[in-house]
Amino acid sequence: MSYNILSQDLLEDNSHLYRHCRRPVLHWSFRFPNILKEIKHFDADVLCLQEVQEDHYGTEIRPSLESLGYHCEYKMRTGRKPDGCAICFKHSKFSLLSVNPVEFYRPGIPLLDRDNVGLVLLLQPKIPCAASPAICVANTHLLYNPRRGDIKLTQLAMLLAEISSVAHQKDGSFCPIIMCGDFNSVPGSPLYSFIKEGKLNYEGLAIGKVSGQEQSSRGQRILSIPIWPPNLGISQNCVYEGQQVPKVEKTDCDLTQTQQEKTEALVTAEKLSSSLQHHFSLSSVYSHYLPDSGIPEVTTCHSRSARTVDYIFYSAEKEAVPGHQGTEVALVGGLKLLARLSLLTEQDLWTVNGLPNENNSSDHLPLLAKFRLEL
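Calculation criteria
Residues numbered from 1 in each chain as written. Predicted model: local features only at pLDDT ≥ 70, side-chain atom pairs only at ≥ 80, totals over all residues. Heavy atoms only, no water. Helix = DSSP H or I, 4+ residues; strand = E, 2+ residues; numbered from the N terminus. Buried < 20%, exposed > 50% of the residue type's maximum accessible area, 1.4 Å probe, protein only. Contact = heavy atoms within 4.5 Å. Axes fitted to C-alpha atoms, helices over the stretch in contact; angles between N-to-C directions. Parallel < 35°, antiparallel > 145°, perpendicular 65-115°, else oblique. Left-handed = near helix turned anticlockwise from the far one by under 90°. Nonpolar A, V, L, I, M, F, W, Y, C, P; charged D, E, K, R; others polar. Patch = residues over 30% accessible without salt bridge, like charges linked within 9 Å, V, L, I, M, F, W, Y side chains within 5 Å. Areas by Shrake-Rupley, 256 points an atom, 1.4 Å probe, with all protein chains shown as cover. Salt bridge = Lys/Arg side-chain N within 4 Å of Asp/Glu carboxyl O. Lys, Arg positive; Asp, Glu negative; His and termini not counted. Charge placed at Lys NZ, Arg CZ, Asp CG, Glu CD. Pairing = 2+ DSSP bridges. Core = buried A, V, L, I, M, F, W, Y, C linked by side-chain atoms within 4.5 Å. 1 Å grid on protein atoms, 1.4 Å probe; cavity = no way out; pocket = protein on both sides within 12 Å on 5 of 7 lines; lining within 4 Å. Points joined across faces, edges and corners; volume = space filled by probe spheres on them.

As recorded in an unreviewed UniProt entry, the chain goes by the name Angel homolog 2, listed as coming from Oryctolagus cuniculus.

The structure is reproduced here in structure tokens:
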């Protein structure tokens, strides 16, 4: 399950978005029991939650989930922001191999002065099979600001770099990956297409068009090449710089001058490229449109807008993904999508007075997918 549960502080700071709601349904004392009821009902093995308020996490959310058999990991947003991301999993189903928080805020880089975060876990399924691969689960909540697509893409690249590092196995393969969250970008937008297609040529792309959240004339400044400065330490292939240099077979001799020149030329060309790439072949659990009518599904609805910004992406079963210099890096096993919880249209939601309401206590809907792990 991926679920933005709506931080109470953010709700109160943005009360103009909830003028359509009856006041009692906006109180945390009413909302949390409803949210917990949903979690119990769907009974997911893994929860990726966004807008998890720190004080509520410590006093109510974590204890309640632990009583249901979940182990919880949490990463609060940087600075004074009181909410963050949590990944909770049933300890009867998984063992925790590693916890990898991702700080998008970098004090020495002006572009990255925002407080968003990510969280990446490596989980080992507890199944009676010695060959079972680990699963990499990532959760994030990217910057909202529709006019700052440069920051959104950089935050996404940082998350992908951490996933690449965590999911990369000793034999050179990647374990199966599930990437969840509120990406504050709509289906078909450049950011969304980059996740699914693994590449994005951003030359001439307006910063305000990256997420597709609005079509106004604001944010028309063009993305710079490269988008982020070299001192971030992440390549245009969305891996940490130390991983991008082509691997050369070790011999008793040093690299020849020609080999060194080729390597230096490749790194220089990549830094000047206007193309982003990542190593994963990711599919979306949802198709974002109703199959019969073509009407858009939505994952969030309040008085200002109704749209899809929340996603579950996953690595398809036994696919090969491109590695360095065009080589193929195979996945160990993979994930086969078996079922998903249906989403609704904007019209559907307004028949129950939008979100939140008496039964749905966030301004987002939960996303739910059932997978089979292919060995």
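Alright, that's what it looks like, and here's the rest.
## A look at the overall build of the chain
Secondary structure assignment for the chain yields eight helices and 18 strands. By residue count, 53% of the 375 residues in the chain fall in the buried class. When contacts within the chain are restricted to residue pairs at least 6 apart in sequence, those whose partners lie at least 24 apart make up 71%.

## What to know about the packing of helix 2 (residues 28-42) against helix 3 (residues 54-67)
Remark: helix 2 packs on helix 3, axes separated minimally by 11 Å, with the N-to-C direction vectors making an angle of 25°. Considering the angle they form, helix 2 stands roughly parallel to helix 3. The two elements helix 2 and helix 3 cross, and the hand of that crossing is right-handed. Touching Trp28, Phe32, Leu36 and Ile39 of helix 2 are His56, Glu60, Ile61, Ser64 and Leu65, all from helix 3. When grouped by side-chain class, the residues that make up the contact of helix 2 with helix 3 number six nonpolar, two polar and one charged.

## Comments concerning a negative patch on the surface
A cluster of acidic residues, Asp9, Glu12, Asp13, Glu54 and Asp55, forms a negative patch at the surface. Looking at the negative patch, the elements that each hand over two or more residues are helix 1 (8-13) and helix 3. Per-element accounting of the negative patch gives the leading share, three residues, to helix 1. Mapped onto the elements, aspartate 9 comes out in helix 1.

## Section: the sheet that holds strand 2 (residues 46-53)
Strand order in the open sheet formed by four strands is 1-2-4-3, and the pairing between neighbours is mixed. For this open sheet the edge positions go to strand 1 (2-4) and strand 3 (70-76), each flanked by a neighbour on one side alone. Between one strand axis and the next, the sheet turns through 15° on average, direction left out of account.

## Comments concerning the side chain of serine 211
Residue placement: serine 211 occurs in the loop between strand 9 (199-201) and helix 6 (241-244). If sequence neighbours within four positions are ignored, serine 211 has contacts with Pro146, Lys152, Asn184, Ser185, Val186 and Ser189.

## Things to note about the nonpolar core
Counting residues in each nonpolar core, the largest one holds 48 residues, and the members touching the most others are Cys136, Leu153, Ile163 and Met179. Among the elements that take part in this core, helix 4 (residues 149-167) stands out by supplying 11 residues, more than any other. Excluding residues within four positions of it along the chain, methionine 179 makes contact with Ala138, Leu159, Leu160, Ile163, Ile195, Leu282, Tyr311, Ile312 and Phe313. Membership of the second largest hydrophobic core comes to 25 residues, among which are Val137, Cys301, Ile312 and Leu367.

## Side note on the layout of surface pockets
If you add up the space inside the largest pocket, you get close to 960 Å³. When the residues that make up the lining of the largest pocket are grouped by side-chain class, the tally is 11 nonpolar, 11 polar and 14 charged. The calculated volume of the second largest pocket comes to roughly 740 Å³. As for the second largest pocket, its lining consists of 28 residues, of which Asp45, Phe94, Ala369, Lys370 and Phe371 are closest to the centre. The set of elements that each furnish at least two residues to the lining of the second largest pocket consists of strand 2, strand 6 (117-125), strand 7 (135-141), strand 8 (177-182), strand 17 (334-340) and strand 18 (369-374). Broken down by element, the lining of the second largest pocket gets its largest block of residues, five residues, from strand 18.

## Things to note about the pairing of strand 6
Each regular strand carries side chains that alternate between the two faces of the sheet. Counting buried residues along strand 6, eight of its nine residues qualify, which places the element largely inside the surrounding structure. When strand 6 meets strand 7, the two strands line up antiparallel, connected through six bridges. Bridging from a neighbouring strand, valine 120 pairs with alanine 138 of strand 7.

## Details of the environment of leucine 6
As for its position among the elements, leucine 6 is in the loop between strand 1 and helix 1. Sequence separation between leucine 6 and glutamine 53 is 47 residues; the distance between their C-alpha atoms is 8.5 Å. With near-sequence residues (within four places) excluded, leucine 6 lies in contact with Leu11, Tyr18, Trp28, Arg31, Gln50, Glu51, Pro356, Ser362 and Asp363.

## Focus: empty space enclosed by the protein
Counted by the stated rule, this structure contains two cavities of 30 Å³ or more. Reported here for the second largest cavity is a volume of approximately 40 Å³. If you go around the second largest cavity, the residues you meet are Ile5, Phe32, Ile35, Leu36, Ile39, Leu49, Ile61 and Leu65. Contributions of two or more residues to the lining of the second largest cavity are made by helix 2 and helix 3. Here the element with the most residues in the lining of the second largest cavity is helix 2; it accounts for four residues. Considering only residue class, the lining of the second largest cavity consists of eight nonpolar, no polar and no charged.

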